[in-house]
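# Coordinates in review
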Amino acid sequence: MLKTMVNGYMLEVNNEGYMYFNAQSLLEGFCIHVGMERLEAMTKEEIKAMVKSVKDGSIAKKLQAEVTELKALISEQKKQIRDLKKTIKELNEN
């Protein structure tokens, strides 16, 4: 729900209220809280950084780098598990 207030706008999403003092910040907040479903409170700077990173594509690059790093970590851990199982098997055979 959106309400026009004397000094700005009040956006309510899932019973959480967010106050904006101009149309630009309202649109940014709407994109974050409604479009991206980020319901926690965020500072103006955090909202601007999030909108900027979505617009310039840097958020997708950052997330892809994290996914790649996590996949490499999982692969290394699977290798370690295989090696440990092999060592345990060898110890049990002796």
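A brief look at the structure comes next. (Residues numbered from 1 in each chain as written. Predicted model: local features only at pLDDT ≥ 70, side-chain atom pairs only at ≥ 80, totals over all residues. Heavy atoms only, no water.)

### Some words on helix H2 (residues 44-56)
When the terminal C-alpha atoms of H2 are compared, their 18 Å separation across 13 residues agrees well with the 18 Å that a helix rising 1.5 Å per residue should span. Every buried residue of H2 is listed here: Ile47, Met50, Val51 and Ser53. Take H2 and look down its axis: the buried residues cluster within an arc of 160°, on one side only. In H2, the exposed positions that point more than 90 degrees away from the buried face belong to Lys44, Glu45, Lys52 and Lys55. Residues of H2 that are buried in the fold lie against strand S3 (16-20), helix H1 (23-35) and helix H3 (58-93). The first or second residue beyond H2 is Gly57, which carries a positive phi of 85°. (Helix = DSSP H or I, 4+ residues; strand = E, 2+ residues; numbered from the N terminus. Expected span 1.5 Å × (residues − 1). Buried < 20%, exposed > 50% of the residue type's maximum accessible area, 1.4 Å probe, protein only. Arc of directions from axis to C-beta. Contact = heavy atoms within 4.5 Å.)

### Some points on the pattern of salt bridges
For the structure shown, the criterion picks out 5 salt bridges. For Lys48, the salt bridge identified is with Glu28, shortest N-O distance 3.4 Å. Placement of Lys48 in helix H2 and of Glu28 in helix H1 is noted, with a sequence separation of 20 residues between them. We classify Glu28 as buried; its relative accessible area is 11%. One salt bridge in this structure joins Asp56 and Lys52, with 3.3 Å as the shortest N-O distance. One end of the pair is Asp56 and the other is Lys52, both in helix H2 and 4 residues apart, which spans about a single turn. With a relative accessible area of 54%, Lys52 lands in the exposed category. (Salt bridge = Lys/Arg side-chain N within 4 Å of Asp/Glu carboxyl O.)

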